Amino acid sequence: MTDRAEKTRNDWLATLAKFKADPDQAANERMWSPRLDGASRDEITAIQNEKLSVVTPFLYENSRFYRDRFDRLDLTPSDIASLDDLVKWPVVDKSEMTRDVEASPPYGHFTTMGEDIWQSRGWMLFSTSGTTGTPRIFRYSQIDREYWAWSNARAMHAMGFTPADTVFMMTGYGPHVWAWGVQMGLAKMGIGLLPGGGMDGAMRAGIVERFKPTVLCCTPSYALYLGRVMQDLGRDPATSSVTKLFCAGEPSMAIGPTREKLEDLWGARLVEFYGCTEAAPQAGGYACEATGGEDGYFLHLMEDLQVWETVDPETLETTAPGQRGLSVCTNLISESSPQLRFLVGDFTTLNHETCACGRSHARAMGCFQGRADDLINLRGIKFFPTQIEKAVRAIPGLGDEFQIVLTSRPADGMDIMKVVVEHSDHGPASKLTETVAAAVRAEIELRADIEVVAPGTLPKTEFKAKRVTDERANR
Ligand SMILES: [Zn+2]
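Keep in mind that this is a model prediction, so the values were computed, not measured. (Residues numbered from 1 in each chain as written. Predicted model: local features only at pLDDT ≥ 70, side-chain atom pairs only at ≥ 80, totals over all residues. Heavy atoms only, no water.)

**Student:** Mind showing me how you'd approach the coordination of the zinc ion here?
**Tutor:** Each donor-metal-donor angle would ideally measure 109.5 degrees in four-coordinate tetrahedral geometry, or 90 or 180 degrees in six-coordinate octahedral geometry. Coordination of the zinc ion by the protein comes from Cys288 (SG), His300 (NE2), Cys355 (SG) and Cys357 (SG), over a distance range of 2.1 to 2.3 Å. Relative to the metal, the four donor atoms surrounding the zinc ion lie at angles of 102 to 115°, and the coordination shape comes out tetrahedral. Binding-site remark: the zinc ion is held by donors from one chain whose sequence spacing is C-x11-H-x54-C-x1-C. Taken together, the residues cysteine 288 in the loop between strand 8 (285-286) and strand 9 (298-300) and cysteine 355 in the loop between strand 12 (339-351) and strand 13 (363-365) connect sequence positions 67 residues apart. Residue classification places cysteine 288 among the buried residues on the basis of a relative accessible area of 1%. By relative accessible area, which is 5% here, cysteine 355 ends up buried. (Donors = N, O, S within 2.8 Å, 3.2 Å for Na, K, Ca; no water. Tetrahedral: all angles 85-135°; square planar, octahedral: opposite > 155°, others 65-115°. Helix = DSSP H or I, 4+ residues; strand = E, 2+ residues; numbered from the N terminus. Buried < 20%, exposed > 50% of the residue type's maximum accessible area, 1.4 Å probe, protein only.)

Listed below in structure tokens is the structure:
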């Protein structure tokens, strides 16, 4: 490591430490760290500016990806030293990182984790899923692990978790950031944990019965699946010990019919996290006690640790306050993966007014509605699979699962959509067909063919749902 690299790293770590308040326990019942969680907009801006002025020299000296980009844009680190300067830096998207990792496998150069740091204080390797190309790898340090525990504790404290809770973690414990970050946070909070990797539904249902967790930690699809497994075993999930469903991985809290289905099934409150591998170690978005109140459903962001913006999906220019756009994150928390204007790419609308919970950190109103990559464009009309989910799950008499099939009609090549749903009993399908068609048309203003199939026909989703099949001729 060069002297400059080492000096800028030490400066960055000192700045991170300076803004870590209440490292070990909650200061009060409402906020883990009132100095940060309850900071005013001006105080948040001052923290972000100070961190930005230190992170850009650190990135320049410790990441070849960033150094090359600064040079290519004819910028120096001091050109990006405050929030107002950020606009000079075009957003970084996943394809740019993918090209970097393909040119320099297996890690690329977009992080500040070098071999020397990994060998002296490496903690864990995480990976993007790789479903849309070469996986991008993020290695985090022991220092990151400690920040992660703290920032996730702040978020889970806001969601009302206490040491009286017992959390059942039902994930595969793979190289995905969510489960590990939550686990570190729970340990910091002194909350007991039941590890639930490598088990089938019946075994997990047995654990709910015997060890009485109060919180289930899983994807929303899995919470639904496990509830149905319990019902098939003759048990009622609504009378179980579970009081909170803590979900991530797919949007659920802001999709009304899905939230209601889950909350009714379990007799529990649904809360949500939102984040990404690239901008850890941090919760990202989290629910507070005021979500679901008069401002509807939303997620808080933790702005002393990250700067959040939205950009126009076409021009990638910053959208006006209150305008919907794609999420962009500048990560000001990590030793290993600070990022400048990373295009996370989920649609949302940011609100900077103070929340009823007392936090003035930005809120993602309506939560995050799906990645831009998931957007379906059918004959020029764009919509998310979650909009079909919202339409079909509001209809009584249907099962939990549905599928969207996109094809090109052989006769004239026109692209068409079929929505396949299950009825919940073996009653007549004709009435349901009309109801589903009308609900889909009302939601997305498109006519879809509807097929109603017998209960149990569609595959049951266990983890992340794959509900769209695209067989169109020209995708
Ligand atoms: Zn709030």
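**Student:** Looking at this structure, how should I read the packing of helix 9 (residues 201-211) against helix 10 (residues 220-232)?
**Tutor:** Between two packed helices, the angle of one axis relative to the other and the distance separating the axes together describe the packing. Two elements in contact, helix 9 and helix 10, have axes separated by 9 Å at closest approach and are oriented at 80°. As the angle between them shows, helix 9 and helix 10 are arranged roughly perpendicular. Taken together, the residues of helix 10 that come into contact with helix 9 (itself represented by Gly201, Ala202, Arg204, Ala205, Val208 and Glu209) are Tyr222, Tyr225, Leu226, Val229 and Met230. When the residues that make up the contact of helix 9 with helix 10 are grouped by side-chain class, the tally is eight nonpolar, one polar and two charged. (Axes fitted to C-alpha atoms, helices over the stretch in contact; angles between N-to-C directions. Parallel < 35°, antiparallel > 145°, perpendicular 65-115°, else oblique. Contact = heavy atoms within 4.5 Å. Nonpolar A, V, L, I, M, F, W, Y, C, P; charged D, E, K, R; others polar.)

**Student:** Explain the domain arrangement of the protein chain here, please?
**Tutor:** Domain boundaries in the protein chain define domain 1 (1-198 + 275-370) and domain 2 (376-471). The distance between the C-alpha centroids of domain 1 and domain 2 comes to 36 Å. Between domain 1 and domain 2, the contact holds six residues from the first and four residues from the second. Carbon and sulfur atoms make up 61% of the area that domain 1 and domain 2 hide from each other, which totals about 310 Å². Where domain 1 touches domain 2, the interface holds one salt bridge. A salt bridge links glutamate 314 to lysine 382, with the shortest nitrogen-to-oxygen separation between them at 3.8 Å. Between the two partners, domain 1 and domain 2, sit zero residue pairs in polar contact (both at pLDDT 80 or more). (Domains from an automatic or database assignment. Buried area = accessible area lost by both parts, 1.4 Å probe. Salt bridge = Lys/Arg side-chain N within 4 Å of Asp/Glu carboxyl O. Polar contact = N/O pair within 3.5 Å; in protein donor to acceptor, adjacent residues only side chain to side chain.)

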